[in-house]
Amino acid sequence: MWALLVLIGAASVSAHLQDLSFDGQKVFRVIPQTDEQVEILNFLASIMEVDFWQPDSVTLVRPKMQVDFRIEAEKSFDVEDLLKESGMEYQVLIDNLQAALDAQFDSKVRTAGHSYEKYNNWDTIAAWTADIAAQNPDLVSRSVIGETYEGRPIYLLKIGKSGPNKTAIFMDCGFHAREWISPAFCQWFVKEAVETYGKDTVITTLLDNLDFYVLPVLNIDGYIYTWTNDRMWRKTRSKNASTVCIGTDPNRNFAAGWCTIGASKSPCASTYCGSAPESEKETKALADFIREHLSTIKAYLTIHSYSQLLLFPYSYTYDLPLDYQELNSIAGAASKELASLYNTAYTYGPGAETIYPAAGGSDDWAYDQGIKYAFTFELRDTGTYGFLLPESQIKPTCEETLLAVKYIANYVLEHLY
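The rules we used
Residues numbered from 1 in each chain as written. Predicted model: local features only at pLDDT ≥ 70, side-chain atom pairs only at ≥ 80, totals over all residues. Heavy atoms only, no water. Phe/Tyr/Trp six-rings, centres within 6.5 Å; stacked < 30°, edge-to-face > 60°. Helix = DSSP H or I, 4+ residues; strand = E, 2+ residues; numbered from the N terminus. Buried < 20%, exposed > 50% of the residue type's maximum accessible area, 1.4 Å probe, protein only. Lys NZ or Arg CZ within 6 Å of the ring centre and 35° of its normal. Axes fitted to C-alpha atoms, helices over the stretch in contact; angles between N-to-C directions. Parallel < 35°, antiparallel > 145°, perpendicular 65-115°, else oblique. Left-handed = near helix turned anticlockwise from the far one by under 90°. Contact = heavy atoms within 4.5 Å. Nonpolar A, V, L, I, M, F, W, Y, C, P; charged D, E, K, R; others polar. Pairing = 2+ DSSP bridges.

Colleague: So what's going on with the packing of aromatic side chains? Which residues, and what values?
Modeller: Given two aromatic rings, their pairing is described by the distance between the two centres and the angle made by the two planes. For the coordinates displayed, the defined rule picks out 29 aromatic pairs. Note on Phe-312 and Tyr-324: the rings are 6.0 Å apart at their centroids and 50° apart in plane angle, and the pair reads as tilted. With Phe-312 in strand S10 (residues 309-312) and Tyr-324 in helix H10 (residues 324-342), this pair connects stretches of sequence that are 12 residues apart. A single burial state applies to Phe-312 and to Tyr-324, both of which are buried. Aromatic rings pair up to connect Phe-105, Tyr-119, Trp-180, Tyr-223 and Trp-227 into one cluster. Of note, Arg-237 hangs over the ring of Trp-233, and the distance from its end group to the ring centre comes to 4.5 Å. Between Lys-298 and the ring centre of Tyr-417, over which it is positioned, the NZ or CZ distance is 4.7 Å.

This is the structure:
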């Protein structure tokens, strides 16, 4: 078997995962049972490009863990032979990535412009942020909190009825470029807020008493790159010193156990923690804004995909947060609310314990800043489509997630501190 691995490695030099066509690329799911099988995956990752979807780095793989990864077309049969020979449990989640990519765009909505039930590109989202604020001046205002590495403005929407010294909830989407369902939810949330204010009693109460800061896309440069060059891009687009490898993982770039565990010091890795905490203009803009508004921001929600998880601190340590009991009961109740609509099952708990350790995340950082109610959502699905969730699932995904967000926001309002 190891001889087979060496053969695969020898042929690996030419092929690249960045090819613009994903034709024939496969996504495998494996469950290594032993340390030796984990070692096989590590060796595989060392001799060829393997894009780990879940967990997001081979270094996090442990026995009995479900592992999803993407392989270039030319290697997929060799890898399948290897998995068979090793006796590892495996399945092919996505047989042809290009077909899955094309199938994402299955929305029945036929509009060239913005739609809440389609994936919108950045220009469309940026124009929408201006329009939604202009159309709802009594509820929505737009500001710029910084600019990206490539010089684009980072827009933030503030939603709520104006009032003095209002408590706020901060929510962001689009940390990781390829997680398209995430920005779709931030847009949906704003739509629901403006459309149901004055009709839905919970939304009305929330907006009368709280402000919501909604950041529709944090990693704008990366998001654009997933539309123009590489749908599977994850990181920012900043240049790194003394290497051709581009980008930093924004969710490993915060000063919360920075780069100690579950993050990489290699600029070529998908979980690269950056040259220092807040080295990225995007993460620094977000952190600066939250620091400036710490007296009013009482909850922090960050939206990712995929896996159907509702996580809270900590991810940089296995230690439980001081507020573990309360956060765990909120997460449980919010997950129950979410499931009430389409029976979508979420797993909840502290990040490190529930999935795997990862240092430098924004939720841990916010919590350590004193924002008690800090949660990470990992939206649909559990791997059938992974990052390529079809547009036909945007509406149900957003509807159910909204129930959980409303529950958390209402809880925060009733438990101000």
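Colleague: Report on the packing of helix H5 (residues 122-135) against helix H6 (residues 181-196), specifying residues and quantitative values.
Modeller: Where H5 meets H6, the closest approach of the two axes is 12 Å, and the angle between their N-to-C directions is 15°. With respect to H6, the element H5 is oriented roughly parallel. Our pair here, H5 against H6, has a crossing hand that is left-handed. When H5 is examined against H6, the residues Ile-125, Trp-128 and Ile-132 are found in contact with a partner set consisting of Gln-187, Val-190 and Val-194. Across the contact of H5 with H6, the residue classes tally to five nonpolar, one polar and no charged.

Colleague: Would you mind going over the sheet that holds strand S3 (residues 67-71) in detail, with residue names and values included?
Modeller: Taken together, the four strands give an open sheet; going across it, the order is S2-S3-S1-S4, and neighbouring strands pair in antiparallel fashion. Both edges of this open sheet fall to strand S2 (50-54) and strand S4 (89-94), since each of them pairs with a single strand only. Averaged over neighbouring strand pairs, the angle between their axes works out to 30° when direction is ignored. As defined by bridge partners, S2 adjoins S3 across four bridges and the pair is classed as antiparallel. Across the sheet, residue Gln-54 finds its bridge partner in S3, namely Asp-68. Across the sheet, helix H2 (residues 35-47) lies against strand S1 (26-31), S2 and S3, angled at about 130° from S2, the strand it touches most. Against the sheet, helix H3 (residues 73-86) touches S1, S3 and S4, its axis set at about 20° to S1.

Colleague: Talk me through the sheet that holds strand S9 (residues 297-305); I want residue IDs and the actual numbers.
Modeller: A sheet is described by the order of its strands in space; here eight strands give the open sequence S5-S6-S8-S7-S9-S12-S10-S11, paired in mixed fashion. Each end of this open sheet is capped by a strand with a single partner; those strands are strand S5 (140-147) and strand S11 (347-350). Across the sheet, the mean angle separating the axes of adjacent strands is 20° when strand polarity is ignored. The pairing of S9 with strand S12 (residues 373-379) spans seven bridges and is parallel. Looking at the pairing, Ser-305 lines up with Leu-379 of S12. Where helix H9 (residues 281-292) meets the sheet, it contacts S5, strand S6 (153-159), strand S7 (167-173), strand S8 (210-215) and S9, and its direction lies at approximately 125° from that of S5.

Colleague: Help me get a handle on the environment of Tyr-149, residues and values and all.
Modeller: Relative to the helices and strands, Tyr-149 is located in the loop between S5 and S6. Accessibility expressed as a relative area gives 36% for Tyr-149, which makes it partly exposed. Put simply, Tyr-149 and Asp-208 are 59 residues apart on the chain and 36 Å apart in space, counted from C-alpha to C-alpha. Excluding residues that lie within four positions of it along the chain, Tyr-149 makes contacts with Asp-221, Arg-237, Ser-238, Lys-239, Lys-281 and Glu-282.

Colleague: Run through helix H8 (residues 220-228), naming residues and quoting values.
Modeller: Given 3.6 residues to a turn, an α-helix orients residues that are three or four positions apart in the same direction. When you tally the buried positions in H8, you get seven out of nine residues, the bulk of the element. By the burial criterion, the buried members of H8 are Ile-220, Asp-221, Gly-222, Tyr-223, Ile-224, Tyr-225 and Thr-226. Where H8 is buried, its residues touch H5, S6, H6 and H9.

Colleague: Break down the packing of H2 against H3 for me, citing the residues and quoting the values.
Modeller: One way to put it is that H2 packs onto H3 with a least axis distance of 11 Å and a crossing angle of 160°. For the element pair H2 / H3, the angle class is roughly antiparallel. Pair H2 / H3 crosses with right-handed handedness. Contacts between H2 and H3 involve Gln-37, Ile-40 and Leu-44 on the former and, on the latter, Val-79, Leu-82 and Ser-86. Residue composition of the contact of H2 with H3, grouped by class: four nonpolar, two polar and no charged.

Colleague: Help me get a handle on unusual backbone geometry, residues and values and all.
Modeller: Comment: phi is negative for the bulk of residues other than glycine, and the bulk of peptide bonds are trans. The amide bond that connects Pro-313 to the next residue, Tyr-314, takes the cis arrangement and shows omega of 10°. With respect to the secondary-structure elements, Tyr-314 resides in the loop between S10 and H10. Here the amide bond leading from Arg-380 into Asp-381 is cis, since omega sits at 0°, within 30 degrees of zero. With a phi close to 55°, Ser-242 is a non-glycine residue in the positive phi region. For Ser-242, the position within the fold is in the loop between H8 and H9. Ser-242 sits in the exposed class, given a relative accessible area of 80%. The backbone of Glu-278 shows a phi angle near 60°, a positive value even though the residue is not glycine. Note that Glu-278 resides in the loop between H8 and H9. Overall, the relative accessible area of 14% leaves Glu-278 in the buried class.

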